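Each chain, written out:
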Amino acid sequence: MENNRLYSPKYIKEILSKYGFKFSKSLGQNFLIDGNIVRKIAEKADITDEDCVLEIGPGIGTLTEELALRAKKVLAIELDKDLLPILDETLGKYNNVEIVHGDVLKVDLEKLIEEKLDNKPVKVVANLPYYVTTPIITKLMESDLNLDSIVVMVQKEVAERMEAKPGGKDYGSLSVFVNFYSLPEIVINVPKTVFMPQPKIDSAVIKLNIKKDLPDVDKDKFFQIVKAAFSKRRKTLLNALSTYGFNIDKKTIKETLEKLNIKPEIRAENLSVEDFIKISKSLPPLDI
Ligand code: SAM
């Protein structure tokens, strides 16, 4: 079927050469060349014809096409202007796709979504440029967007850190951040061979199901405490919090932790999101 064209390495090579396109390593350009993975990503994102999808970095439009065939509308933000004429050619026939030229980290996502997508929870789907994975996830979570889920290809090691639970070697501030906003789940492990050019590292697709009701806590205070707790991984929680510069004396911190039944000598990597919430609700205001 014609729809399979964009998956084909031969077609990708042809179209890139037609437009004289050169891959940019610094823009994290590793394009998908495997129809099965493209389909699996769209399946794991549960895209139906009622959904509005935000894609980050459409490349030549391979994943975009699969999303367009399933969704009501796809809004895709691409930074590389050299890809725009290619996207015109590859996706021109889909009238439910809109490409916006810009840097996802700089555009006003709230405004874009309000203007271009229905006022319904949006599903984010992307094969992310890996050099900006964390800033993109942070922006998506912290903006006031009505998101349903985020299904993204990332470095395998980053996916494992996002999904990690307390006590494991991968658990850190990124895990707390992601688990605060969502329920993360690695949904596909992806070999290097499905990309052109082939990257050196393995990848995984992670699904972040966005929590409808966020914990009732002062977010700035919560994340300051998380940052402080993980700032010196080998320190006990009591030492990490009392030497971070919050200007709360050690005795107060110790008593607060004991009242919460949290051992002062515990290390940050053993604390759950709920523990951090309890701590941030109980400590006096931070002097930051
Ligand atoms: N979706 C395509 C695919 O799967 O074949 C391409 C994925 S490629 C890993 C990442 C894409 O993100 C590239 O097209 C790159 O130009 C684009 N990109 C890089 N940085 C970006 C940014 N800050 N904002 C928007 N797009 C960006």
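Not measured: the values here are computed from a predicted model.

Right, let's talk about the packing of aromatic side chains for a bit. Counting across every chain of the model gives 14 aromatic pairs. Pairing Y171 with F230 gives two aromatic rings, centres 6.1 Å apart and planes at 65°, and the pair type is edge-to-face. With Y171 in the loop between helix 7 (156-163) and helix 8 (173-181) and F230 in helix 9 (residues 219-231), this residue pair connects regions lying 59 residues apart in the sequence. For Y171, a relative accessible area of 2% translates into the label buried. The buried category is assigned to F230, whose relative accessible area is 11%.

Where helix 1 (residues 9-18) contacts helix 4 (residues 84-91), the two axes come as close as 10 Å, and the packing angle between them is 135°. The pairing of helix 1 with helix 4 is recorded here as oblique in orientation. Seen from above, helix 1 lies across helix 4 with right-handed handedness. Contacts from Y11, I15, L16 and K18 of helix 1 reach helix 4 at I86, E89 and T90. A per-class count over the contact of helix 1 with helix 4 returns four nonpolar, one polar and two charged.

The next subject is the site of the ligand. Taken together, 22 residues form the shell around the ligand, and within it L32, G57, E78, N127 and Y131 come nearest. Within the backbone of G59, one N or O atom sits 3.3 Å away from an oxygen atom of the ligand. For the ligand, whose accessible area on its own is 600 Å², the fraction buried by protein is 99%. Put simply, the parts of the chain that give the shell around the ligand at least two residues each are strand 1 (31-32) and strand 3 (73-78). Partitioning the shell around the ligand into residue classes produces 11 nonpolar, seven polar and four charged.

Another aspect to go through is helix 8. Most of helix 8 is tucked away, with eight of its nine residues classed as buried. Residues of helix 8 that are buried include every one of L174, S175, V176, F177, V178, N179, F180 and Y181, and no others. Along its buried surface, helix 8 packs onto helix 6 (133-142), helix 7, strand 7 (182-190), strand 9 (203-210), helix 9 and helix 12 (273-282).

In this section: the domain arrangement of the protein. Splitting the protein by domain gives domain 1 (2-210) and domain 2 (219-282). The centre of domain 1, based on its C-alpha atoms, is set 35 Å off from the matching centre of domain 2. On the domain 2 side, the residues contacting the 11 residues of domain 1 number 13 residues. With both sides pooled, the region where domain 1 packs onto domain 2 buries about 960 Å², and carbon together with sulfur makes up 73% of that total. Linking domain 1 with domain 2 are zero salt bridges, by the criterion used here. Seen at the junction of domain 1 and domain 2, the total is two residue pairs in polar contact (both at pLDDT 80 or more). Classifying every residue of the side of domain 1 that touches domain 2 by side-chain character gives six nonpolar, four polar and one charged.

Cut-offs applied
- Residues numbered from 1 in each chain as written.
- Predicted model: local features only at pLDDT ≥ 70, side-chain atom pairs only at ≥ 80, totals over all residues.
- Heavy atoms only, no water.
- Phe/Tyr/Trp six-rings, centres within 6.5 Å; stacked < 30°, edge-to-face > 60°.
- Helix = DSSP H or I, 4+ residues; strand = E, 2+ residues; numbered from the N terminus.
- Buried < 20%, exposed > 50% of the residue type's maximum accessible area, 1.4 Å probe, protein only.
- Axes fitted to C-alpha atoms, helices over the stretch in contact; angles between N-to-C directions.
- Parallel < 35°, antiparallel > 145°, perpendicular 65-115°, else oblique.
- Left-handed = near helix turned anticlockwise from the far one by under 90°.
- Contact = heavy atoms within 4.5 Å.
- Nonpolar A, V, L, I, M, F, W, Y, C, P; charged D, E, K, R; others polar.
- Near = heavy atom within 4 Å.
- Polar contact = N/O pair within 3.5 Å; in protein donor to acceptor, adjacent residues only side chain to side chain.
- Areas by Shrake-Rupley, 256 points an atom, 1.4 Å probe, with all protein chains shown as cover.
- Domains from an automatic or database assignment.
- Buried area = accessible area lost by both parts, 1.4 Å probe.
- Salt bridge = Lys/Arg side-chain N within 4 Å of Asp/Glu carboxyl O.

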